[in-house]
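# Tertiary structure, described
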Amino acid sequence: MNFTSGADVSELLSLDHIRTQLIRLEDTIIFLLIERAQFALNEKIYQAGAFKDELGFDGSWLEWFLFEIECFHAKARRYTSPDEHAFTPLDKLPQPLIKPQALPSILHRPSATHPSVNVNSKILDFYVKQIVPGIVSSSRLGLEDDGNYGSAATRDVEVLQALSRRIHFGMFVSESKFLSAPHEFIPHILNPNPEALAGLITKPAVEAKLLIRLANKARVYGCEMDADGKVIEVPDEEMAARGKIDLATIVSMYKDWVIPLTKDVEVDYLLHRLEDVPQSQIDEWMKGTAA
Ligand SMILES: C=C(O[C@@H]1C=C(C(=O)O)C=C[C@H]1O)C(=O)O
């Protein structure tokens, strides 16, 4: 999302604009997964303490990569942008070396007592346990460990950052939906009802269209071509072994993880949406029903 200081907030919060960003992120995530799929599983990089003697770090090689990369990015003020969420707790990251950008206020930020929504620990868990094993086809590579620990972890961090950005976009989706009909959401926020809020934000037709589009993108982006540039037709079930990526893993990743976690973010954001909001504003929004 382009957060230049002069950006028009109403444009940034239009649901169509946000959905366009989410569709564009599908391309980024598919291509980054294709890059990771070039390397073997290298299970050792996900095992806590496997490199403790070398690194003096209790976590896994990947968690060490995340920490070191996020420390550098934090100094460059990455995590002062509302669409960026670190996997490392913010209090363990260095302060920015340059002043934060003067960004338009888009999201509702209740008092500091409520930490921003962050589901990165769940993202890391499903990615390591479900996604990596699904996309690295040892049958294609013929080995489980190719020793490319740095390259594999670098690709993993890129995928994790893109997945985090996509899933936490749920906050912008929620703000957009809330402002378009605050009176629908307010009763279920004042008397917290996550199920009712989930029902209001869920759009089955949008999700169904996404999964079809995603499969088509994975087929096209993951296809192989011969020397003449002619596409080598491969049945979906053989893509893992003969293509660049396993199509089923990408679709199930969105269906079983990305979309549900995005909706969790949407609901969690809404549950805190009225904190620090004056009663007069809530009354005004509720009057909107009389209009
Ligand atoms: C993101 C949205 O909210 C929900 C989550 C979706 C997703 O994660 O792709 C799609 C539709 C909705 O169920 C949206 O309405 O676009």
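See the structure shown above.
These lines cover the structure that appears in this document, whether it is placed above or below. All values derive from a computational prediction rather than experimental measurement. (Residues numbered from 1 in each chain as written. Predicted model: local features only at pLDDT ≥ 70, side-chain atom pairs only at ≥ 80, totals over all residues. Heavy atoms only, no water.)

A word on the site of the ligand. In the vicinity of the ligand, 15 residues are found, and the nearest of them are R19, R166, K177, E207 and E266. Here an oxygen atom of the ligand sits 2.7 Å away from a polar atom, N or O, in the side chain of R166. Note that an oxygen atom of the ligand is positioned 2.8 Å from one of the side-chain N or O atoms of K177. When the ligand sits alone it has 360 Å² of accessible area, and the protein chains cover 99% of it. In this structure, the ligand is accommodated by the second largest pocket. (Near = heavy atom within 4 Å. Polar contact = N/O pair within 3.5 Å; in protein donor to acceptor, adjacent residues only side chain to side chain. Areas by Shrake-Rupley, 256 points an atom, 1.4 Å probe, with all protein chains shown as cover. 1 Å grid on protein atoms, 1.4 Å probe; cavity = no way out; pocket = protein on both sides within 12 Å on 5 of 7 lines; lining within 4 Å. Sits in = over half its atoms within 2 Å of the grid points.)

Attention now goes to the pattern of salt bridges. Within the structure shown, the criterion is met by 15 salt bridges. A salt bridge links E175 to R273, with the nearest nitrogen and oxygen atoms 2.7 Å apart. Here R273 lies in the loop between α13 (247-271) and α14 (279-287) and E175 lies in helix α8 (residues 170-180), a separation of 98 residues in the sequence. R273 carries the same exposure label as E175, and that label is buried. In this structure, a network of salt bridges that share partners links the residues R24, E26, D27, R213 and K217. (Salt bridge = Lys/Arg side-chain N within 4 Å of Asp/Glu carboxyl O. Helix = DSSP H or I, 4+ residues; strand = E, 2+ residues; numbered from the N terminus. Buried < 20%, exposed > 50% of the residue type's maximum accessible area, 1.4 Å probe, protein only.)

The next subject is the packing of aromatic side chains. Scanning the entire structure with this criterion turns up eleven aromatic pairs. Taking the centre distance of 4.5 Å and the plane angle of 20 degrees together, the rings of F31 and Y221 count as stacked. With F31 in helix α2 (residues 15-36) and Y221 in helix α11 (residues 204-221), this pair connects stretches of sequence that are 190 residues apart. According to the relative accessible area criterion, F31 is partly exposed, its value standing at 41%. Overall, Y221 belongs to the partly exposed group, its relative accessible area being 22%. Where W61 meets Y149, the ring centres are 6.4 Å apart and the plane angle is 65 degrees; that geometry is what we call edge-to-face. (Phe/Tyr/Trp six-rings, centres within 6.5 Å; stacked < 30°, edge-to-face > 60°.)

Attention now goes to the nonpolar core. Membership of the largest hydrophobic core comes to 63 residues, with the highest contact counts inside it found for L33, I123, F126, Y127, L163, M253 and Y254. Counting only elements with at least two residues in this core, the list comes to α2, α4 (61-75), α5 (120-135), α7 (149-168), α8, α11 and α13. Tallying contributions element by element places α13 first for this core, with ten residues. Residues in contact with L33, not counting those within four places in the same chain, are Y127, I131, I135, V159, I245, I250 and M253. (Core = buried A, V, L, I, M, F, W, Y, C linked by side-chain atoms within 4.5 Å. Contact = heavy atoms within 4.5 Å.)

This paragraph deals with α5. At Y127, α5 is bent by approximately 45 degrees, the largest bend along its length. Burial in α5 covers these residues: N120, I123, L124, F126, Y127, I131, V132 and I135. (Bend = angle between axes of the 7 residues up to and from the residue.)

Attention now moves to unusual backbone geometry. In the Ramachandran plot, N42 falls in the positive-phi region, its phi being about 50 degrees despite a non-glycine side chain. Mapping N42 onto the fold places it in the loop between α2 and α3 (52-55). Since its relative accessible area comes to 0%, N42 is described here as buried. If you check the backbone angles, R77 has positive phi at about 65 degrees while not being a glycine.

α13 packs onto helix α10 (residues 194-201) with a crossing angle of 120 degrees between their chain directions and a minimal axis gap of 9 Å. Taken together, α10 and α13 sit at an angle that is classed as oblique. Regarding α10 and α13, the two cross each other, and that crossing is right-handed. Residues P194, L197, A198 and I201 of α10 form the contact with α13, whose own contacting residues are K263, E266, V267, L270 and L271. The residue inventory of the contact of α10 with α13, partitioned by class, reads seven nonpolar, no polar and two charged. (Axes fitted to C-alpha atoms, helices over the stretch in contact; angles between N-to-C directions. Parallel < 35°, antiparallel > 145°, perpendicular 65-115°, else oblique. Left-handed = near helix turned anticlockwise from the far one by under 90°. Nonpolar A, V, L, I, M, F, W, Y, C, P; charged D, E, K, R; others polar.)

What describes two packed helices is the angle between their axes and the distance between those same axes. For the pair helix α9 (residues 182-190) and α14, interaxial distance at closest approach is 8 Å and the crossing angle is 125 degrees. Compared by their axis directions, α9 and α14 come out oblique. As α9 runs across α14, the sense of the crossing is left-handed. Residue-level contacts link P182, H183, I186 and P187 of α9 to I282, W285 and M286 of α14.

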